[in-house]
Amino acid sequence: MRQDQEDPYQRRSAQVYAAADRAAGSVASPRAVLYDAVLLDRDGTLIEDVPYNGDPEKVRPVPGARAALDRLRAAGLRLAVVTNQSGLARGYFTGEQMWAVHARVEELLGRFDAWLVCPHDDADGCDCRKPAPGLVYAAARELGTTPSRCVLVGDIGRDVGAAMAAGAAGVLVPTPVTRPEEVAAAGWVATDLPAAVAEILRRQQAVQPSTPPTEPVRTALVVRSDSAGDVLVTGPAIRAVAAGAERVVLLCGPRGRAAANLLPGVDEIIEHPLPWIDPAPGPVDPEAMRSLSTRLGAVGADQAVVFTSFHQSALPLALLLRMAGINRIAAISDDYPGSLLDIRHRVPVGVPEPERALSLAAAAGHRLPDGDEPVLRLRRDAVPPRPADVGDPGYVVLHPGSAASSRACPPEVATRIVGALADAGHRVLVTGGPDERAVTARVAAAGGTDLGGRTDLAGLAAIVADASAVVVGNTGPAHLAAAAGVPVVSLFAPTVPFGQWGPYRVPTVRLGDAAAPCRDTRAASCPVPGHPCLSGVDPGDVVNALRTLAVSGGGGR
Ligand SMILES: [Zn+2]
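Since the structure is predicted, the reported quantities are computational estimates derived from the model, not experimental observations.

Peer 1: Please set out the overall build of the protein chain residue by residue, giving values where relevant.
Peer 2: When you go through the protein chain residue by residue, the secondary structure sums to 21 helices and 17 strands. Computed over C-alpha atoms, the radius of gyration of the protein chain comes to 24 Å, within 12% of the 24 Å expected from 2.2 N^0.38 for 557 residues, which places it in the range of a compact globule. A buried classification covers 57% of the 557 residues belonging to the protein chain. Put simply, 68% of the contacts in the protein chain that link residues at least 6 apart link residues at least 24 apart. Between the centroid of the 53 positive side chains of the protein chain and the centroid of its 60 negative side chains there is a distance of 2 Å.

What follows is the structure, encoded as structure tokens:
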């Protein structure tokens, strides 16, 4: 469903619930960082699934639903139901019967701020039947917010797919009918509706500091080692620290330096490899460690916030910072930190990396100011103009490579994807680093333009920013796309959790086998012969994914 179309059922729902909308509009406290609204699937999520039910007497809420929804209402979150009702198209019940069912749902579960119904069948090819994202867009619009400030709870892959395709968060609450591959593909899974609600509220709370910093922060030292993607996903948290400090100095590694140059809020960068983080470290050089400690001491930081991903330790650096005389150190650490940390923060697995980092910033007393959305963002002045010879905006970028080969798209698959996209009328630019030229040339020969080795990271950001969509694995350019708000077809090798590393707050379709044997191995090179998680991607599914993301061939969007 597009903005210029109105479905009669949705128009009616807007009329019925306009008054509730207005009542929820006045909020004096600071805006929540993450979410304004929770969207709920109906059958199998809020109420027991009675196929094609037109009878209010058969409405049975799932256990704990009323109390869970009231918790969300009490937290100031707005609620909408987003539901596929193909029984309308098939004539199994009437619109009047359906609204009688919905009235009964509200009697049992309380008021919803909006009801969004897709009355179509799969054969209708509408834009609102989940997993198409139309209902999510419509719900966000009716609730006066954007999809990225919504989280959708549903019981099947269609629900999660619709949420992701709109750039919303999606929580899967499986039932006995949920297929195992749907559970594997979901980035966020909860055992039941009350557990989903508890985790939504926990994540919302975790990124808001309970208290401001005890003393003002003049200079903050923030740390994120490792590669470009790691640095980019830490961007929102660094902006939160920058909002509460006069000056921000970032320590990064050589592999993340180009990304660090792109981050807003950073006043100064110190580049130094950390041998306990680098994936291919040299031996520890005691003199280099001593000089790093001295250099960090010279920063004069009155607070250090050490960001890491879930398999990295902040403690060796914390020791160097202590030796440098830094008194206030915050980091995430499951390992016992002794007296190395002043704020030892802990985060459950599965939280998106940007939120994980934001929650550490919050524990250190910082939050994103109102008006700065928790999305990835780049400094405008650090991104060069797009090269003129790549053509007008509206192309699709395919980036087949990755620093870790386990997360790269196999060249033969990428080649077939380029052919299929070209056949569907898309202009395709194939990008890659200087060491990926052989692959990009081979892939682009199927019908795209080879830009392999043409750009540094900032130049790639410029090209990505004017794309209609980016087709890419779990690697840096996926995060560049997220930072530009450009939709992503994510060819995601499941070596790390999708919920933590998937493109953040941008319309996304995930492809690839989420249950492949490489799952959760964190392997840098694929441990399974044939790289099965991505070698089975059907190029036709990439074309369909672009359609779901409303990216049309012929350069339009
Ligand atoms: Zn529809």
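Peer 1: Please provide a residue-by-residue account of helix 18 (residues 476–484), values included.
Peer 2: The buried count for helix 18 comes to eight of nine residues, which makes it a mostly enclosed element. What helix 18 keeps buried is the set Gly476, Pro477, Ala478, His479, Leu480, Ala481, Ala482 and Ala483. Residues of helix 18 that are buried sit in contact with helix 9 (228–233), strand 12 (396–399), helix 17 (457–465), strand 15 (469–472), strand 16 (488–491) and helix 19 (498–501). Positive backbone phi, approximately 70°, marks Gly485, located one or two places after helix 18.

Peer 1: Help me get a handle on the coordination of the zinc ion, residues and values and all.
Peer 2: Bound to the zinc ion are the protein donor atoms Cys118 (SG), His120 (ND1), Cys126 (SG) and Cys128 (SG), situated 2.1 to 2.2 Å from the metal. One can describe the site at the zinc ion as tetrahedral: its four donor atoms subtend angles covering 98 to 114° at the metal. Looking at His120, the relative accessible area reads 23%, which means it is partly exposed.

Peer 1: Kindly report on the side chain of Asp36, identifying the contributing residues and their values.
Peer 2: Among the secondary structure elements, Asp36 is positioned in the loop between helix 1 (8–23) and strand 1 (37–40). A polar contact of 3.0 Å, which involves the side chain of Asp36, links it to the side chain of Arg31. Only 2.7 Å separates the side chain of Asp36 from the side chain of Arg149, close enough to count as a polar contact. When near neighbours in sequence (up to four residues on either side) are disregarded, Asp36 contacts Arg31, Gly76, Leu77, Arg78, Thr145 and Arg149.

Peer 1: Account for the sheet that holds strand 7 (residues 245–252), naming residues and giving values.
Peer 2: The six strands are arranged 8-7-6-9-10-11 in an open sheet whose pairing can be described as parallel. Of all the strands in the sheet, the pair left with one neighbour each is strand 8 (268–271) and strand 11 (343–345). Adjacent strand axes in the sheet meet at a mean angle of 20°, parallel and antiparallel pairs treated alike. As paired strands, strand 6 (residues 217–224) and strand 9 (residues 303–307) are joined by five bridges and run parallel to one another. From the neighbouring strand, Val223 faces strand 9, where its bridge partner is Val306. Packed on one face of the sheet, helix 10 (residues 235–243) meets strand 6, strand 7 and strand 9 and runs near 145° to strand 7. Against the sheet, helix 14 (residues 353–363) makes contact with strand 6, strand 9, strand 10 (329–332) and strand 11, and its axis sits at roughly 160° relative to strand 9, the strand it touches most.

Peer 1: Could you give an account of the pattern of salt bridges, naming the residues involved and the relevant values?
Peer 2: For the structure on display, the rule yields 35 salt bridges. Across the pair Glu373 and Arg31 runs a salt bridge whose closest N-O atoms are separated by 3.2 Å. Residue Glu373 is found in the loop between helix 14 and strand 12, and its partner Arg31 is found in the loop between helix 1 and strand 1; the two are separated by 342 residues along the sequence. The exposure class assigned to Arg31 is partly exposed, which follows from its relative accessible area of 36%. Taking the shortest distance from any N to any O, the salt bridge between Arg442 and Glu412 comes out at 3.9 Å.

Peer 1: Give me the lowdown on the packing of aromatic side chains, citing residues and values where you can.
Peer 2: Applying the stated criterion to the full structure yields four aromatic pairs. Both rings, one in Phe112 and one in Trp115, keep their centres 5.5 Å apart while their planes meet at 70°; by these two values the pair is edge-to-face. Phe112 sits in the buried class, given a relative accessible area of 0%. Classification of Trp115 as buried rests on a relative accessible area of 0%. Where Phe492 meets Phe498, the ring centres are 4.8 Å apart and the plane angle is 85°; that geometry is what we call edge-to-face. The same class applies to Phe492 and to Phe498, which are both buried. The aromatic ring of Phe112 is capped on one face by Arg73, whose charged end is 5.4 Å from the ring centroid. The cationic tip of Arg522 hangs over the ring face of Phe310; the distance from NZ or CZ to the ring centre is 5.7 Å.

Peer 1: Got a sec to walk through the sheet that holds strand 1? Specific residues and values, please.
Peer 2: With parallel pairing, the five strands of this open sheet are ordered in space as 3-2-1-4-5. The two strands at the open ends of the sheet, each matched to only one other strand, are strand 3 (114–118) and strand 5 (169–172). Taken over all neighbouring pairs, the strand axes of this sheet differ in orientation by 20° on average, direction set aside. Sheet topology places strand 2 (residues 78–84) next to strand 3; five bridges connect them, and they run parallel. Bridged to Val81 within strand 3 is Trp115. Strands in contact with helix 6 (residues 157–166) are strand 2, strand 4 (150–154) and strand 5; relative to strand 5, the strand with the most contacts, it is inclined by about 170°.

Peer 1: So what's going on with the environment of Gly394? Residues and values would help.
Peer 2: By the secondary structure assignment, Gly394 is in the loop between helix 14 and strand 12. Given a relative accessible area of 13%, Gly394 falls into the buried group. With 352 residues separating them in the primary sequence, Gly394 and Arg42 have C-alpha atoms 37 Å apart.

Peer 1: So, helix 8 (residues 193–206): which residues are in play, and what are the values?
Peer 2: Taking 1.5 Å of rise per residue, the 14 residues of helix 8 would be expected to cover 20 Å, and the 20 Å separating its terminal C-alpha atoms lies within 8% of that figure. Every buried residue belonging to helix 8 is among Leu193, Ala196, Val197, Glu199, Ile200, Leu201, Arg203 and Gln204, and all of these are buried. The inward-facing, buried residues of helix 8 contact strand 1, helix 2 (65–74), strand 4, strand 5 and helix 14. Regarding helix 8, its N-cap is Asp192, as a side-chain oxygen of that residue lies 2.9 Å from the backbone nitrogen of Ala195 further along.

Peer 1: So what's going on with the confidence of the model for the protein chain? Which residues, and what values?
Peer 2: When the pLDDT values of the protein chain are averaged, the result is 91; 94% of them are 70 or greater. In this model residues 1–28 is a low-confidence stretch, pLDDT under 50, and it forms 45 contacts with partners more than four residues away in sequence or in other chains.

Reading guide: rules and limits
Residues numbered from 1 in each chain as written. Predicted model: local features only at pLDDT ≥ 70, side-chain atom pairs only at ≥ 80, totals over all residues. Heavy atoms only, no water. Helix = DSSP H or I, 4+ residues; strand = E, 2+ residues; numbered from the N terminus. Rg over C-alpha atoms; globule rule 2.2 N^0.38 Å. Buried < 20%, exposed > 50% of the residue type's maximum accessible area, 1.4 Å probe, protein only. Contact = heavy atoms within 4.5 Å. Lys, Arg positive; Asp, Glu negative; His and termini not counted. Charge placed at Lys NZ, Arg CZ, Asp CG, Glu CD. Donors = N, O, S within 2.8 Å, 3.2 Å for Na, K, Ca; no water. Tetrahedral: all angles 85-135°; square planar, octahedral: opposite > 155°, others 65-115°. Polar contact = N/O pair within 3.5 Å; in protein donor to acceptor, adjacent residues only side chain to side chain. Pairing = 2+ DSSP bridges. Axes fitted to C-alpha atoms, helices over the stretch in contact; angles between N-to-C directions. Salt bridge = Lys/Arg side-chain N within 4 Å of Asp/Glu carboxyl O. Phe/Tyr/Trp six-rings, centres within 6.5 Å; stacked < 30°, edge-to-face > 60°. Lys NZ or Arg CZ within 6 Å of the ring centre and 35° of its normal. Expected span 1.5 Å × (residues − 1). pLDDT = per-residue confidence, 0-100.

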